[in-house]
Structures are given as structure tokens and as C-alpha cells.
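Examining the three-dimensional arrangement
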Amino acid sequence: MTEVHVIGQIVGGSGFPESSLFCKWKVQMGSAWHVIQGHHEGQTQVDDPSDEPIANWCHPIDIHFGTKGLQGWPKFHLQVWHQDAYGRNELYSYGFCHIPVSPGAHEIDCVTWRPKGTLIEELKTQFIGGSSQLKNPDLVSSSAELYKLRTVSMGKVHLRLHIIVRGFDKYGVEF
Amino acid sequence: MSTKSTSFLVFINGSIENAEVNDFDELYLRFSYVIGKDWEICSGLEEGTTQIAHKSVQIGSKIVFNFPLEVTFRSTCAHGWPQLVISGYGLDSFGNDIVRGYGTTHIPISPGRHRIRIPLFVPRSSSRFQQFLGWMMGRRPEFVDPKVVTQNAGREMTRVRSHGYVQVVFNVVTKDMESLGYRIQAKHSSLEKQPENNETEHHHS
């Protein structure tokens with residue numbers, strides 16, 4: 001049996017217009033993969049930092065995967081949300097990043113984007129709040145569908161991940 | 001002489017070096033480790049408290065602890081890798097002992113020396129009124145059990161304010177992980193340059 005451990009943190013987010021932020025995350029993987037132990041989706045705390053414009057989430061990740069093949073290597077789907085002073089949440093951005101394949105420590109900065117609405121929608125967002133969202137959030141990592149979108153660049157999500165693999169040697173897989 | 005072992009060991013030592021904070025001068029930290037169900041601590045302190053440290057007029061904004069950490073873990077499965085939990089406390093201007101911040105990090109996995117900057121955050125009151133009441137009564141919101149910061153579940157309910165960092169240095173040695181089939185470092189190096197504001201230092205010999 002081949003196993004992959006992903007251990008680390010969703011450290012935080014920076015470069016967003018406001019800093020009272022939280023992040024929803026989910027791991028998506030191919031059919032050859034399954035989760036043996038650990039949570040593969042969740043939501044971080046809302047951080048409103050007092051000194052620097054970096055939201056610190058320190059959100060623990062500890063996922064134990066089992067796999068029968070390399071195809072469909074798992075990836076993180078990330079959504080960054082903003083919570084305003086009245087507790088209303090609005091979507092800030094989408095992003096995805098592959099879980100690194102090589103064992104060891106990795107610092108990942110995941111760049112993100114938001115969908116760009118029409119002029120009317122953008123003006124509405126500006127004055128009333130609430131932003132355009134994707135009907136199907138799984139679109140963020142589908143390379144065949146993304147060409148349909150118009151997007152605007154947003155900030156980065158920082159992750160610190162350690163990868164441990166087990167049992168791949170037997171099958172001649174090289175990292 | 002090598003007998004087939006069924007568990008591996010993770011030996012760490014290091015220190016809590018200092019805290020970088022702006023809003024207050026006095027701080028002490030409590031630390032503990034949170035481990036998965038396959039793990040046990042086979043030597044060393046599993047929790048402790050630092051001295052009450054103050055800022056110095058000459059040296060500026062850092063509160064130095066230089067507090068030693070040394071512990072050995074044993075496990076059969078890498079899931080539930082140990083996490084260090086830190087909670088900081090200090091006296092406010094009325095002499096109440098209040099919480100100054102929580103922070104957490106996984107113990108680094110790759111052998112070597114690592115410096116980690118752990119952000120500190122405090123939970124926020126759910127309303128302005130409670131915030132005022134808390135200030136009046138000298139009671140701030142705090143977690144009943146600091147270990148909630150190491151869990152995924154329930155985090156979406158918490159609103160926090162982060163301020164400052166704690167610097168921790170770890171030296172990590174692992175034993176018998178390879179013989180159990182685990183691979184924790186790549187043979188082939190990646191070409192990607194590490195980001196400039198890299199918080200973890202890796203020194204592989």
C-alpha cells in the first residue's frame with residue numbers, strides 16, 4: 001500500500017484589499033486516491049490583524065492519503081472570504097494549488113483571482129458589497145473550462161506543507 | 001545488529017527564543033504538545049511554563065525567553081504529527097492576568113535546524129458590548145483549552161486578532177523512519193527558488 005502524508009498549516013493570506021479574512025479549503029483528488037485519516041476540508045478562523053496587513057490563520061493540516069496510482073495527485077481548492085464589521089461575509093478570491101509531489105518541506109504561495117462581473121455588477125460590489133461567485137467552485141482547477149472566465153487578480157494564500165511518502169519505492173516511483 | 005523496528009522516534013531540542021510584540025512589555029508563555037493517538041512522549045517535559053520576561057529599555061521591541069525545549073516522541077504512523085501549542089499571558093494595567101495570545105506550529109519533519117516564526121492571536125469578543133464589559137471586568141475572551149488551536153473542527157466559529165510573533169528554533173533528528181518505508185526528503189532537488197520572506201530555514205548536511 002502506498003501512502004502520502006500531508007502535514008502543515010495554511011499559514012495566512014496577504015495582498016488582499018482588506019485584512020479581516022478567512023479561508024475555506026477542500027482537497028480534491030482523483031479516483032485512485034482516498035483519505036485514510038484526517039480532515040480534508042474545513043474553514044479557518046477569521047483574523048483581523050492589528051499590526052500588519054497579513055491575516056494569520058495558522059490552520060493545521062494533517063491528512064493521510066492512500067493511493068493506487070499517481071494520476072489525480074491531490075490538490076487544494078482555496079476560497080478567501082472577507083468578513084466586514086457587521087459579520088457579513090463576501091467572497092474575495094479563488095485559487096488552487098497542487099500538493100507538492102516531492103517529500104520534504106515546502107513553502108507555497110498560492111496566487112488567487114476573483115471573477116470579474118459586468119460593469120453594473122462591479123459597481124454594485126463597490127457600493128453594496130457582495131461579489132460575483134462561481135456557481136460551480138470546482139471550476140477553479142479545470143483547465144478545460146477556465147477560458148470562459150474574465151478574472152481580476154487578488155492576493156496570495158501562504159501554505160507550509162511537509163510531504164511524507166511511504167511504500168512508493170516498491171513500485172519504482174522516483175521522487 | 002539491526003532488528004526490524006515497528007516504531008520510529010522523533011527527537012527534538014531547541015528553544016523558544018523571543019517574542020516580538022508591540023502592545024505590552026511583560027509576557028510569560030505556557031507550552032504543550034498535541035499528538036495523535038498513535039503517538040507517545042517517551043522523554044522530556046510534555047508541558048511547561050517560561051519565566052515572566054520583560055522588554056529591555058536598551059534592546060527594544062523583543063521579549064527574550066531563551067527557554068529550552070527537549071522532547072522525544074515515538075510513533076508507528078506519521079498521522080497526528082506533534083504540534084507545539086503556545087499560549088502567552090501577562091498582566092494588564094489593572095493587574096489582571098490576561099491572555100496575550102495563542103500560537104501553534106507542527107514540529108518540523110525534516111531533520112536539521114529550523115527557525116519558525118509563530119504568529120500570536122487572541123480571540124475577539126462577539127460584540128462591542130461584550131468587549132467593553134470585558135475591559136471593565138478585566139476578563140478577556142480566551143479559549144477554555146488552548147489545544148483547540150491545533151484542530152480543524154470548530155475553527156470557523158472563531159474570530160481572532162493577531163498581533164506579534166514568537167520565534168522558536170528546533171533541531172530535529174528522526175530514527176527508523178526510512179526502515180519503516182517512509183521517505184521524508186527528496187533525492188532529486190527542486191529548481192524552484194524559495195520565496196524571499198521564507199520563515200523556515202533548512203540546513204541539510
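Please refer to the structure placed before this passage.
Reference entry: report on the structure contained in this document. (Residues numbered from 1 in each chain as written. Chains lettered and ligands numbered in written order. Predicted model: local features only at pLDDT ≥ 70, side-chain atom pairs only at ≥ 80, totals over all residues.)

Moving on: the overall build of chain A. Scanning chain A for helices and strands turns up one helix and 10 strands. Listing every helix and strand of chain A by position from the N terminus yields β-β-β-β-β-β-β-β-β-α-β. Over its C-alpha trace chain A gives a radius of gyration of 18 Å, about what one expects of a compact globule, namely 16 Å for 175 residues. In terms of overall dimensions, chain A has a C-alpha envelope of 60 × 40 × 20 Å along the principal axes. The buried share of chain A, reckoned over its 175 residues, is 39%. Within chain A, counting contacts between residues at least 6 apart in sequence, those at least 24 apart form 75% of the total. (Helix = DSSP H or I, 4+ residues; strand = E, 2+ residues; numbered from the N terminus. Rg over C-alpha atoms; globule rule 2.2 N^0.38 Å. Buried ≥ 20, exposed ≤ 12 C-beta atoms within 10 Å, placed from the backbone. Contact = placed C-beta atoms within 7 Å.)

Side chains that are nonpolar tend, in soluble globular proteins, to be buried together. Counting 71 residues, the largest nonpolar core has A:Val6, A:Ile10, A:Cys23, B:Leu27 and B:Val166 as the members making the most contacts within it. When residues of this core are assigned to their parent elements, the largest contribution, seven residues, is made by strand 6 (residues 54-67) of chain A. Apart from the residues within four sequence positions on either side, A:Cys23 is in contact with A:Ile10, A:Gly13, A:Thr44, A:Trp57, A:Leu78, A:Gln79, A:Val80 and A:Val157. (Core = buried A, V, L, I, M, F, W, Y, C linked by C-beta atoms within 7 Å.)

Here we take up unusual backbone geometry. At A:Cys58, a position not held by glycine, the phi torsion is positive, near 45°. In this structure, A:Cys58 sits in strand 6. On the neighbour-count criterion, A:Cys58 (25 C-beta atoms within 10 Å) is buried. Here the phi dihedral of B:Asn66 falls at roughly 50°; this positive angle occurs in a residue that is not glycine. Inspection of the secondary structure assignment puts B:Asn66 in strand 6 (residues 62-75).

This part is about the interface of chain A and chain B. If you look at the interface, chain A gives 36 residues, while chain B gives 41 residues. Looking at which element gives the most residues to the side of chain A that touches chain B, the answer is strand 6 of chain A, with six residues. For the side of chain A that touches chain B, the residue count by class is 10 nonpolar, 18 polar and eight charged. Two strands pair when backbone bridges link them, and strand 5 (residues 46-47) of chain A and strand 10 (residues 159-175) of chain B are joined in this way by two bridges, in the parallel orientation. Bridging across to strand 10 of chain B, A:Val46 finds its partner in B:Arg159. (Nonpolar A, V, L, I, M, F, W, Y, C, P; charged D, E, K, R; others polar. Pairing = 2+ DSSP bridges.)

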